[in-house]
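Observations on chain architecture
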Amino acid sequence: MKQTQYVAREPDAQGFIDYPAEEHAVWNTLITRQLKVIEGRACQEYLDGIEKLGLPHDRIPQLSEINKVLGETTGWQVARVPALIPFQTFFELLANKQFPVATFIRTREELDYLQEPDIFHEIFGHCPLLTNPWFAEFTHTYGKLGLQASKEERVYLARLYWMTIEFGLVNTPEGQRIYGGGILSSPKETVYSLSDEPEHQAFDPLECMRTPYRIDILQPLYFVLPNLKRLFDLAHEDIMGMVKKGMALGLHAPKFPPKPKAA
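Quick caveat: nothing in here was measured; it's all calculated off a predicted structure. (Residues numbered from 1 in each chain as written. Predicted model: local features only at pLDDT ≥ 70, side-chain atom pairs only at ≥ 80, totals over all residues. Heavy atoms only, no water.)

This part takes up the overall build of the protein chain. Counting its regular elements, the protein chain contains 12 helices and six strands. Along the three orthogonal principal directions, the C-alpha set of the protein chain runs to about 50 × 50 × 40 Å. Counting the 263 residues in the protein chain, one finds 52% classified as buried. A sequence separation of at least 24 residues applies to 67% of the contacts in the protein chain between residues at least 6 apart. Taking the average location of the 27 positive side-chain charges in the protein chain and that of its 34 negative ones, the two points are 4 Å from each other. (Helix = DSSP H or I, 4+ residues; strand = E, 2+ residues; numbered from the N terminus. Buried < 20%, exposed > 50% of the residue type's maximum accessible area, 1.4 Å probe, protein only. Contact = heavy atoms within 4.5 Å. Lys, Arg positive; Asp, Glu negative; His and termini not counted. Charge placed at Lys NZ, Arg CZ, Asp CG, Glu CD.)

Below is the structure:
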C-alpha cells in the first residue's frame, strides 16, 4: 500500500460529513470546469447519469444523496473508504454492489491531477454510469470475479478495469465518446483522449489484459467499445478464461518509457 497525504473525513452519528468551505470551493471549481470540458465528449449514458444524480455545484454532495439515486436506478450504493484500500476490500465492495468513495477532496495545488482517487473522481467520474444497468452489471461481475481470483490473476483483471472503467472510450453515431471515469474527471485527458495524439484500438478484452499501463501519465493507448452494451455482454462471457489465456501469452511491450527512479 502506497502512502498518501490525504485523510478521509469522518461522518457524524447521523452519517453527515462536514467539509470546510475551502473544500466545497474546490468541488465547485472542479465540477464547473469539467462539465464544460465534457460537452460533446462524454457518452450519452454518462450524461444521462449526471442528470439523474443532479450533483450540487456549490458543495460536495453527501453520500446519502448519491445512494438514494443509485439505489433507485441499479440497486448500487457508495461506501465510504479511506484514501487507499487493498485489492481485497475493493473486490469485496464491488461484489456487494458498493462502490468505494474516499471522503477527501484534492487540494488546489493538485487541482489538475492527483494519483489517489478522491471524492470528485469517484462521484463525478464513476457514479453517473453506475445508474446504467449495463455498466453496473459489468462492475458487479468484475467484483465477484476479483474476489475469487489469485493474486496473479488480479493483476490481469486490474488491466481490464483500467482500460474500461477508468480509461475506456466508446463508439457512438456521433463519433468516439468517453465513458471511463479516469478520463472524465481529468480536463487534460478528456481533450487528449479523443485527439489524434494517442492510439485508439477496437476493444478486445484479452488485449486490454495484456497491455501495460502507468498511472502517472496520459495514456498512450485507448480501447474503444463498439457500444456500452458490450460491457454487459462481456460480463456474461468467460472473463477468467481470458485471464488465463492472457497469463499464458504474457504482456505486450509497453508503449511508454519506464517510470523515472526517485532520487
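Along its 17 residues, helix H1 (residues 21-37) runs 25 Å from first to last C-alpha, staying within 8% of the 24 Å computed at 1.5 Å per residue. Taken together, the buried positions of H1 are Glu23, His24, Val26, Trp27, Leu30, Ile31, Gln34 and Val37. Buried residues along H1 cover an arc of 160° about the axis, so they all sit on one side. Exposed and oriented more than 90 degrees from the buried face of H1 are Ala21 and Lys36. Its buried side turned inward, H1 meets helix H5 (119-126), helix H8 (181-184) and helix H9 (187-193). (Expected span 1.5 Å × (residues − 1). Arc of directions from axis to C-beta.)

Let us now look at helix H6 (residues 133-148). The end-to-end C-alpha distance of H6 is 23 Å, a good match for the 22 Å that 16 residues give at a rise of 1.5 Å each. The set of residues buried in H6 consists of Phe135, Ala136, Phe138, Thr139, His140, Thr141, Tyr142, Gly143, Leu145 and Gly146. Tucked into the core, H6 has its buried residues touching helix H4 (87-95), H5, helix H7 (151-166), helix H11 (229-235) and helix H12 (239-249). The backbone nitrogen of tryptophan 134 lies 2.9 Å from a side-chain oxygen of the residue at the head of H6, namely asparagine 132. (Polar contact = N/O pair within 3.5 Å; in protein donor to acceptor, adjacent residues only side chain to side chain.)

What follows concerns the pattern of salt bridges. Applying the stated rule across the entire model yields 13 salt bridges. Across the salt bridge formed by arginine 33 and aspartate 112, the nearest N and O atoms sit 2.7 Å from each other. Linking arginine 33 in helix H1 with aspartate 112 in the loop between strand E2 (98-102) and H5, this pair joins segments that are 79 residues apart in sequence. By relative accessible area, which is 26% here, arginine 33 ends up partly exposed. (Salt bridge = Lys/Arg side-chain N within 4 Å of Asp/Glu carboxyl O.)

The subject of this paragraph is empty space enclosed by the protein. Here the structure, examined in full by the defined rule, presents one cavity of 30 Å³ or more. Estimates place the volume of the largest cavity at around 50 Å³. What lines the largest cavity is simply Met163, Thr211, Pro212, Tyr213, Gln219, Pro220, Leu221, Lys255 and Phe256. (1 Å grid on protein atoms, 1.4 Å probe; cavity = no way out; pocket = protein on both sides within 12 Å on 5 of 7 lines; lining within 4 Å. Points joined across faces, edges and corners; volume = space filled by probe spheres on them.)

Here the focus is the packing of aromatic side chains. Two descriptors summarise a pair of aromatic rings, namely the distance from one centre to the other and the angle between the planes of the rings. Tallied over the full model, the rule gives 13 aromatic pairs. Centroid distance phenylalanine 90 to tyrosine 161: 5.3 Å. Interplanar angle 85°. Geometry classified as edge-to-face. A residue pair is termed long-range when its members are at least 10 positions apart, and phenylalanine 90 in helix H4 and tyrosine 161 in helix H7 qualify at 71 residues. Tyrosine 161 gets classed as buried once you look at its relative accessible area, which sits at 7%. Between phenylalanine 91 and tyrosine 142, the ring centres sit 5.6 Å apart and the planes meet at 40°, which makes this aromatic pair tilted. Separated by 51 residues along the polypeptide, phenylalanine 91 in helix H4 and tyrosine 142 in helix H6 bring together distant segments of the chain. (Phe/Tyr/Trp six-rings, centres within 6.5 Å; stacked < 30°, edge-to-face > 60°.)

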